[in-house]
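Close look at the chain arrangement
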Amino acid sequence: MPFRDFLARIVRRTTSAPGIRAGQAFSLAAMLVVIGFSTVLAVWAAARPAFGALAALLLFGGILGAGLILAEGLRLLFLLFGQWRRDLAAAEIHDALLAGETPTAPFVLYLRPFSSTNALARTTDTVVPIPQAELPGGPKVFAIGTDRIEFEATIEASVRKTGTMIGLGRPLEHIGAGRIPVDDETWQDTVARLMEHAKLIVLLPSPAGGTRWEVDRLLSSDLMTKTVIVDPPNLASEREDYDPAVEWAAMREVFRDKGYALPDDDRAGQLVYFGDQTEPHSTCRLAFDEVSAIRKFLEPVVVKSH
């Protein structure tokens, strides 16, 4: 996405916490101004008596649509600044571990297959009435707003009070966990260090690639006492190489071979915590966009594991 890449280049120029906060404040304020100004301008232009009803309606929709597009770009800029802050925090944690130090900032480790990135999201359309002056001869006008909810972003918001959520990957590739770029020779050592020092581990299991190695390491250690396993909702994946239901079915066999009874797949999604047992200590249906419900389930896990 060229436009997203353009915004990412702007964000990368900011390397300080005050600069990131200023960038977020600017993008949020600009977004609100654009929405308000475009709405007022659209209503004013459409209500001019010189225009006929059809022209007035088209003018209203064009101005308002352009404003919403610009506002969406500013919203993305706001999210990218927040993601960049997490990416920089992840880099600091990684640098501390490479230096043999214990990171001072608490963090949550997010383990997932790379194929799940940009694969799990839900898009909802909302019809919103637009307060306006009466258009000449026209009906009341509504706007349709589209909201895309990323699964990883929901998990990140749920653990934010516990610590910065971090994982492996390319900085700014996705909104969610802060990314640590690693190469094929060092990633296992990096993950092992992160597992040891993480306050909480959130695992989106997969039988493929490096995630299988991560799963085997967790199941063979006491790290399971601070690990929450995510059975993602069976949404229509936006990538052909990732199917949540298929992945979960394969993982049940892997867990069974290690003596763990992973529950059946829940189409709505679920969170599973074993603690120091081989049967689930607690489970919870996964509310896709209800951050408070996910946080409520995770808080006792953090307390129990420490």
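Further up the page is the structure itself.
What counts and what doesn't
Residues numbered from 1 in each chain as written. Predicted model: local features only at pLDDT ≥ 70, side-chain atom pairs only at ≥ 80, totals over all residues. Heavy atoms only, no water. Pairing = 2+ DSSP bridges. Helix = DSSP H or I, 4+ residues; strand = E, 2+ residues; numbered from the N terminus. Axes fitted to C-alpha atoms, helices over the stretch in contact; angles between N-to-C directions. Contact = heavy atoms within 4.5 Å. Core = buried A, V, L, I, M, F, W, Y, C linked by side-chain atoms within 4.5 Å. Buried < 20%, exposed > 50% of the residue type's maximum accessible area, 1.4 Å probe, protein only. Expected span 1.5 Å × (residues − 1). Phe/Tyr/Trp six-rings, centres within 6.5 Å; stacked < 30°, edge-to-face > 60°. Polar contact = N/O pair within 3.5 Å; in protein donor to acceptor, adjacent residues only side chain to side chain.

1. Side note on the sheet that holds strand S9 (residues 282–285)
With respect to topology, 7 strands assemble into an open sheet ordered S5-S4-S1-S6-S7-S8-S9, the strand pairing being mixed. Single-partner strands in this sheet number two, and they are strand S5 (178–180) and S9. The average angle at which neighbouring strand axes cross in this sheet is 25 degrees, direction not considered. Each of strand S1 (107–111), strand S6 (200–203) and strand S7 (227–231) is contacted by helix H6 (residues 209–219), which is oriented at about 130 degrees to S6, the strand it contacts most.

2. Brief notes about the nonpolar core
Of all hydrophobic cores here, the largest spans 30 residues; its most connected members are Leu 194, Ile 229 and Phe 255. Contributing elements (two or more residues each) for this core: helix H3 (53–98), S1, strand S4 (164–168), helix H5 (187–197), S6, H6 and helix H7 (244–257). Residues within four places of Ile 229 in sequence aside, it is in contact with Leu 203, Pro 205, Met 224, Trp 248, Phe 255, Leu 262, Gln 270, Leu 271, Val 272 and Phe 274. Core analysis: the next-biggest nonpolar cluster, separate from the first, contains 24 residues, Val 159, Leu 204, Tyr 273 and Val 302 among them.

3. Considering H3
With 46 residues, H3 ought to run about 68 Å at 1.5 Å a step, and its terminal C-alpha atoms sit 67 Å apart, in line with that. Remark: Gly 100 follows H3 within two positions and exhibits a positive phi of approximately 80 degrees.

4. Topic: unusual backbone geometry
Phi is positive for Leu 172, close to 65 degrees, though the residue is something other than glycine. Tracing the backbone through its elements, the reader meets Leu 172 in the loop between S4 and S5. Classification of Leu 172 by relative accessible area gives buried; the value is 4%.

5. Remarks on the packing of aromatic side chains
Following the criterion strictly, the structure yields 4 aromatic pairs and no others. Considering the side-chain rings of Tyr 260 and Phe 274, the 5.2 Å spacing of their centres and the 90 degrees angle between planes classify their relative orientation as edge-to-face. On the criterion of sequence distance, the pair formed by Tyr 260 in the loop between H7 and strand S8 (270–273) and Phe 274 in the loop between S8 and S9 is long-range, its members being 14 residues apart. This pair shows no difference in class: Tyr 260 is buried, exactly as Phe 274 is. Taken together, the ring pairs in this structure connect Phe 255, Tyr 260 and Phe 274 into an aromatic cluster.

6. Observations regarding the side chain of Gln 270
Among the secondary structure elements, Gln 270 is positioned in strand S8. Only 2.8 Å separates the side chain of Gln 270 from the backbone oxygen of Asp 264, close enough to count as a polar contact. In contact with Gln 270, not counting residues within four places along its chain, are Ile 229, Val 230, Asp 231, Trp 248, Pro 263, Asp 264, Asp 265, Cys 284, Arg 285 and Leu 286.

Purely geometric stuff here, so don't read any function into it on its own.
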